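Letter by letter, the chains look like this.
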Amino acid sequence: MSQPFSSVPANSHLKAIPGNRGLPLIGNTLALMKDPIGMTRKRYDRYGPISWTSAFGLRLVQMIGPDANQFVMLNRGDLFSNHDGWDYFIGKFFHRGIMLLDFDEHKWHRKIMQQAFNRDVLKGYLQRMGPHIEAGLQNWQDIPDFHVLSAVKQLTLDLATDVFMGYELGPEANAINKAFIDTVRAGTALVRANVPGGRWAKGLKGRKVLEDFFRKELPAKRTSKDSDLFSVLCHASTEDGHQFSDDDVVNHMIFLMMAAHDTSTITLSTLFYYLAKHPQWQERLREESLALNKTCIEYDDLASLEGIGMAMKEALRLCAPVPSMPRRTVRDVEFNGYLIPKGSFITISPYFTHFMEEYWPEPNKFDPDRFSEERREDKVHPYAWVPFGGGAHKCIGLHFAEMQVKAILHQVLLNYRWSVPGDYEMPVDLTSLPVPADGLPVKLERL
């Protein structure tokens, strides 16, 4: 039975948001984690692009579809707070990361941080990555019972530490990797308290490990003249000489290191799965990479890898690395004739938007050509394809992510062919960020 989200003043022309709470105590938490597409489709068909529900201990407003994405992401009039939305989920673990800042403060931090992602710096990052990718792939065929998720996650973490910190991790690599996993998974914990053994407690411990690690390295980076991201953040400044504080640098490094290897890991895992299921596409991309006639790509080669680019965009559509994006209203908001009261938690869902048949023909089909210049299905609406968000908070590292995925997949295609059984369907774990629930076992063949 539908219930209004809140009362609306008698003299208002606006309507109350429809919806329902779901199950006692847990609301629709488990349903949304188990089947976000099916659950959200039912709600969209019943209520339309805006409704309310209860999930993760919150009463929240779901805003669904490209129009809602555009309204929230553009945030004209500063109606929505990123910090007050994300802080509930990950504030304890990614404190004051760039995604958790708002308005003028966010612009100031982003302006400084952009110096670590300009074209010349990206060229340097790619130059560093090539040989490390080559070395990292050498022994994949020797790994017994090869699973894509663990192998790719280790590779992207190694790349992130080299590119972002300037060196390879030593014995602490496993502890750092575990700390990142625990901090990411903690955000959607049902028990949101420091209970020993719980996901929330593991996340707090992981944050401490990461903080201690980066603080230990900070003094050397302040004095170095290296070109890694850590050093760049330590020395970057505005025209009037303002720099990041030590706390700023540590907070940004923790967030960027997580984002740089987690999102790329998800995208590459998705690509591995669909290219195994569609070997004709795997061969098509391999031919494209062979035509370059080089092991390590350079920055100017990126545009030549059109097929990989389209396949990557399709992977990001089929599995958006950040499935939903929370915000909180800082004042009363009007959307589609409905009143969203000040202080309301709201979410938008790239994950569901990418499967809306209203915008994507055969949305469950792996079809990279939908991003070809002849078709460009993503142009049906400017906010129909939003894996990197949009507006002022559009992912600052999107060009780095594209570059890294292309560089890795290019070398994988040159070195290996991989497959899965014909009846295999990859299960997706949506506990936090979407990853293969079984680690994605594949048969790997050296070329």
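Reading guide: rules and limits
Residues numbered from 1 in each chain as written. Predicted model: local features only at pLDDT ≥ 70, side-chain atom pairs only at ≥ 80, totals over all residues. Heavy atoms only, no water. Salt bridge = Lys/Arg side-chain N within 4 Å of Asp/Glu carboxyl O. Helix = DSSP H or I, 4+ residues; strand = E, 2+ residues; numbered from the N terminus. Buried < 20%, exposed > 50% of the residue type's maximum accessible area, 1.4 Å probe, protein only. Core = buried A, V, L, I, M, F, W, Y, C linked by side-chain atoms within 4.5 Å. Domains from an automatic or database assignment. Contact = heavy atoms within 4.5 Å. Buried area = accessible area lost by both parts, 1.4 Å probe. Polar contact = N/O pair within 3.5 Å; in protein donor to acceptor, adjacent residues only side chain to side chain.

(A) How the structure looks around the pattern of salt bridges. Tallied over the full model, the rule gives 30 salt bridges. With its nearest N and O atoms 3.4 Å apart, the salt bridge here joins arginine 41 to glutamate 357. Within this pair, whereas arginine 41 is found in helix H2 (residues 36-47), its partner glutamate 357 is found in the loop between helix H14 (350-353) and helix H15 (398-415), the two being separated by 316 residues in sequence. Take glutamate 357: its relative accessible area is 48%, and that puts it in the partly exposed class. Across the pair arginine 417 and glutamate 445 runs a salt bridge whose closest N-O atoms are separated by 3.9 Å. Here arginine 417 is found in strand E8 (residues 416-419), whereas its partner glutamate 445 is found in strand E11 (residues 443-446), with 28 residues between them in sequence. Connected via shared salt-bridge partners are Glu314, Arg317, Asp367, Arg370, Arg375 and Glu377.

(B) Here's a closer look at the nonpolar core. Within the largest apolar cluster, 141 residues are counted, with the highest numbers of intra-cluster contacts made by Met63, Trp140, Phe164, Phe214, Met253, Phe400 and Trp418. Per-domain counts for this core show at least three residues from each of domain 1 (1-86 + 325-347) and domain 2 (95-322 + 387-446). Excluding its chain neighbours within four sequence positions, the residues that come into contact with tryptophan 140 are Phe146, Ala151, Val152, Leu155, Phe272, Val412, Tyr416 and Leu444.

(C) Examining the environment of phenylalanine 272 more closely. Here phenylalanine 272 lies in helix H11 (residues 246-277). Overall, phenylalanine 272 belongs to the buried group, its relative accessible area being 1%. Between the alpha carbons of phenylalanine 272 and valine 420 there is a distance of 9.8 Å; along the sequence they are 148 residues apart. Once you skip the residues sitting within four places of it in the chain, phenylalanine 272 turns out to touch Trp140, Val148, Val152, Val412, Trp418 and Leu440.

(D) Broad picture of the domain arrangement of the chain. According to the domain assignment, the chain consists of domain 1 (1-86 + 325-347) and domain 2 (95-322 + 387-446). Contacts between the two partners involve 16 residues from domain 1, matched on the other side by 16 residues from domain 2. Summed over both sides, the interface between domain 1 and domain 2 buries roughly 1,400 Å², with carbon and sulfur atoms accounting for 71% of that surface. Ranking the residues of domain 1 by area buried against domain 2 places Met33, Asn82 and Trp86 at the top, with a combined share of 37%. Remark: the boundary between domain 1 and domain 2 carries 0 salt bridges. Seen at the junction of domain 1 and domain 2, the total is 5 residue pairs in polar contact (both at pLDDT 80 or more). For the side of domain 1 that touches domain 2, the element with the highest residue contribution is helix H4 (residues 82-90), accounting for 4 residues.

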